[in-house]
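Chains, contacts and geometry: an overview
Here is what each chain is made of, one letter per residue.
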Amino acid sequence: MSHERFYSRVNGPTLHRVNTVRWLDEVSPRHLAGGGDPRHVTEHLLASGWSNHSVPGFPHVLLESPDHRLHLTLEPQPDAHSAWWRIHPAENRMWSAQFGGHTPVEMIAGFTDALDSPAPDTDTDLWHLPAGRGWSRLAGREQAALSPDETALLSRVSAISETPRWRWTVQVSVPLSDGQHRWIWNASIDETAPAAALAGFVTALTEPGPLLRDEGQTPALTFGYLDSHRSVVTPEQHRHQHLQRLEAAPRTGPPHPSPSAPAPPPPQRQPRHKKHC
């Protein structure tokens with residue numbers, strides 16, 4: 001039975017049943033725009049050769065890279081601030097990347113799209129990305145930068161352990177009248193993750209441009225802190241952009257098996273001698 005017969009978010013509106021939405025909004029700052037449609041990430045990975053290992057009947061997504069080295073898990077939780085998205089190696093778990101439910105999928109895609117990209121030749125200073133886009137370094141904290149609207153904090157922190165383990169974190173929150181903060185989402189990426197993927201996430205996070213969202217996709221918790229206006233991009237055009245993104249995905253097939261030794265030639269049949277009476 002086709003899923004299009006069901007009243008479900010899986011049927012759109014931004015990617016498939018575009019006729020159910022009349023317009024899209026351009027929302028900024030982008031880190032408050034809400035999660036968006038997860039298929040921006042998952043369908044691109046599937047188009048790139050990742051395999052789907054999700055359990056039918058359970059609300060999650062389990063994807064594995066074509067070379068079986070990486071796993072992606074998407075498991076919605078009651079608390080949107082907890083880790084919904086997890087990406088890590090399939091075996092040794094030498095690194096992991098985790099993203100909360102309201103993390104914009106465009107930022108997660110900045111990470112996943114670059115997982116197979118070659119590592120930079122030299123160590124890249126990622127701090128030039130937020131610094132060049134209006135993010136300010138915090139006084140007394142060389143390893144932290146605050147977004148221009150002061151609702152997103154990018155930090156490089158060390159885990160408390162015998163061997164220091166560095167990771168990059170993002171904490172997004174909005175201030176309340178009593179001086180407290182309401183948390184929206186957070187993210188954590190180990191510094192040992194692929195360098196190109198980490199740089200891709202920081203690039204997507206600090207990009208100043210707005211994100212496209214339809215009604216109901218922005219968290220209610222961010223009301224009053226968003227700049228939203230009608231986009232000239234139609235839902236049909238947005239769907240076409242998504243399909244173009246899938247068509248441009250690098251097609252990576254499963255690893256080829258190593259060539260085996262040539263099979264020995266079949267034994268030659270000996271000629272049968274006739275019996276003489």
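Cut-off values and rules
- Residues numbered from 1 in each chain as written.
- Predicted model: local features only at pLDDT ≥ 70, side-chain atom pairs only at ≥ 80, totals over all residues.
- Heavy atoms only, no water.
- Helix = DSSP H or I, 4+ residues; strand = E, 2+ residues; numbered from the N terminus.
- Buried < 20%, exposed > 50% of the residue type's maximum accessible area, 1.4 Å probe, protein only.
- Polar contact = N/O pair within 3.5 Å; in protein donor to acceptor, adjacent residues only side chain to side chain.
- Contact = heavy atoms within 4.5 Å.
- Salt bridge = Lys/Arg side-chain N within 4 Å of Asp/Glu carboxyl O.
- Core = buried A, V, L, I, M, F, W, Y, C linked by side-chain atoms within 4.5 Å.
- Pairing = 2+ DSSP bridges.
- Axes fitted to C-alpha atoms, helices over the stretch in contact; angles between N-to-C directions.

What follows deals with the side chain of S231. Its place among the elements puts S231 in the loop between strand 13 (227-230) and helix 5 (235-247). The exposure class assigned to S231 is buried, which follows from its relative accessible area of 9%. Within the structure, the side chain of S231 is placed 3.1 Å from the side chain of E26, a separation counted as a polar contact. Those residues within four positions of S231 in sequence are excluded, and the remaining contacts are L24, D25, E26 and L212.

Okay, the pattern of salt bridges next. Scanning all chains against the criterion turns up 10 salt bridges. Notably, a salt bridge pairs R245 with D113, separated by 2.7 Å at the nearest N-O pair. Taken together, the residues R245 in helix 5 and D113 in the loop between helix 2 (105-112) and helix 3 (128-131) connect sequence positions 132 residues apart. For D190, the salt bridge is made with R165, and the minimal N-O distance between the two is 2.9 Å. One end of the pair, D190, is in strand 11 (residues 181-190); the other, R165, is in strand 10 (residues 165-175), with 25 residues separating them in the sequence. The exposure class of D190 is buried, given its relative accessible area of 7%.

Attention now goes to the environment of D227. Along the chain, D227 turns up in strand 13. For the pair D227 and P29, spaced 198 residues apart in sequence, the C-alpha separation works out to 7.0 Å. If sequence neighbours within four positions are ignored, D227 has contacts with E26, V27 and S28.

A separate point is the nonpolar core. Membership of the largest hydrophobic core comes to 41 residues, with the highest contact counts inside it found for F99, F111 and F201. Considering each element in turn, this core owes the most residues, six residues, to helix 4 (residues 195-206).

With two bridges joining them, strand 2 (residues 51-52) and strand 3 (residues 61-64) adopt antiparallel strand pairing. Residue pairing in the sheet places N52 in a bridge with L63 of strand 3. Here four bridges tie strand 3 to strand 4 (residues 70-74), and the two strands are oriented antiparallel to one another. The partner of V61 across the bridge, within strand 4, is L74.

So, about the sheet that holds strand 7 (residues 136-138). Here we have 10 strands laid out as an open sheet, ordered 2-3-4-5-6-11-10-9-8-7, and antiparallel in their pairing. The sheet is open, and its two edges are formed by strand 2 and strand 7, each paired on a single side. Sheet topology note: the strand 10/strand 11 ladder contains nine bridges and is antiparallel. Counted as the bridge partner of V172 is W185 from strand 11. Its contacts with the sheet place helix 1 (residues 39-47) against strand 2, strand 3, strand 4 and strand 5 (83-89), and it is angled at close to 35 degrees to strand 3. Most of the contacts of helix 2 go to strand 5, to which it runs at about 5 degrees, and overall it touches strand 4, strand 5, strand 6 (97-100) and strand 11.

Shape descriptors only; they carry no functional weight alone.
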